[in-house]
Structures are given as C-alpha cells and as structure tokens.
Amino acid sequence: MQLSEQYPKLFEKFEDQSLEMRHLLSVDENTLDYDSEEFEFDVDEYNYILYVAEPIQRLLGEEKMMQLIQNLGDNKEVFEDFFASEEDLYGAKSNCSADEIAHTILRTAEALV
C-alpha cells in the first residue's frame, strides 16, 4: 500500500503526491561515531535518531510540531524514552523497528492535520 493511501489527510495537503518516506522523515539507528559531533544523543540512552523533514514541518506549522513532539513523547507503547533536541530532531529509545517508528510518526502527524 502506498503512503498516500495509508495517510490520505497528509497527502491531500502535499503539493507533491509522489513523496516517499525518505522525503518525509528519517529514522536512523544511533551508533557511536567518534568522528562526529553532529548528534547529541547518547547511544546508551537513545537507540534511534529521528528527523521530521520539511514537508511535514511546513504542513503542521510550529504549534502542531510542538504537539507532535508531545504526542510522540507520551506514546509509551512505542517509546521507552523520547527527547526532542530541536523541533524536528529527536532521540528515542524503542524496541520497535525503524519502519514501525516511521509509521507511528506519520499516524501521529496525520491525526494533527
């Protein structure tokens, strides 16, 4: 099933209907990288780094992005621990797969549209 079929409220608002997951958000495993100071998430505390990309940021706006952070942080079924470093960059501890986390973020964002 395509993302536009799974998340119709989000996609009806996007100009580009062919957006793929990689255009909307990134869910990466947090690894210890001695050469990078880019991320401030301790690998022992957060096993995922989450980034919400511009299409979702623009669609939700600042107020709803803050609500997205709150709702994700409150979702204890998916996240053992959740920390928002910035409005669009989060650290998360979860036993779920990256794909499950991505769909959780999209469901949560769609509920705010």
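Only a predicted model underlies this, so the values are computations on that prediction, with no experimental measurement involved.

1. A word on the sheet that holds strand β3 (residues 81-84)
- Judged by pairing direction, the sheet is antiparallel, and its 4 strands sit side by side in the order β1-β2-β4-β3 without closing on themselves. The outermost strands of the open sheet, each flanked by one partner alone, are β1 (25-29) and β3. In this sheet, adjacent strand axes meet at a mean angle of 20° when their direction is disregarded.
- Of the pairings in the sheet, the one linking β1 to strand β2 (residues 48-52) comprises 5 bridges and is antiparallel in character. Paired with Val27 across the bridge in β2 is Leu50.
- Relative to β2, helix α4 (residues 54-74) is tilted by about 140°, and along the sheet it contacts β1, β2, β3 and β4 (89-93).
- In the packing of helix α5 (residues 98-112) onto the sheet, contacts are made with β1 and β2, and the angle to β1 comes to roughly 150°.

About the thresholds
- Residues numbered from 1 in each chain as written.
- Predicted model: local features only at pLDDT ≥ 70, side-chain atom pairs only at ≥ 80, totals over all residues.
- Heavy atoms only, no water.
- Pairing = 2+ DSSP bridges.
- Helix = DSSP H or I, 4+ residues; strand = E, 2+ residues; numbered from the N terminus.
- Axes fitted to C-alpha atoms, helices over the stretch in contact; angles between N-to-C directions.
- Contact = heavy atoms within 4.5 Å.

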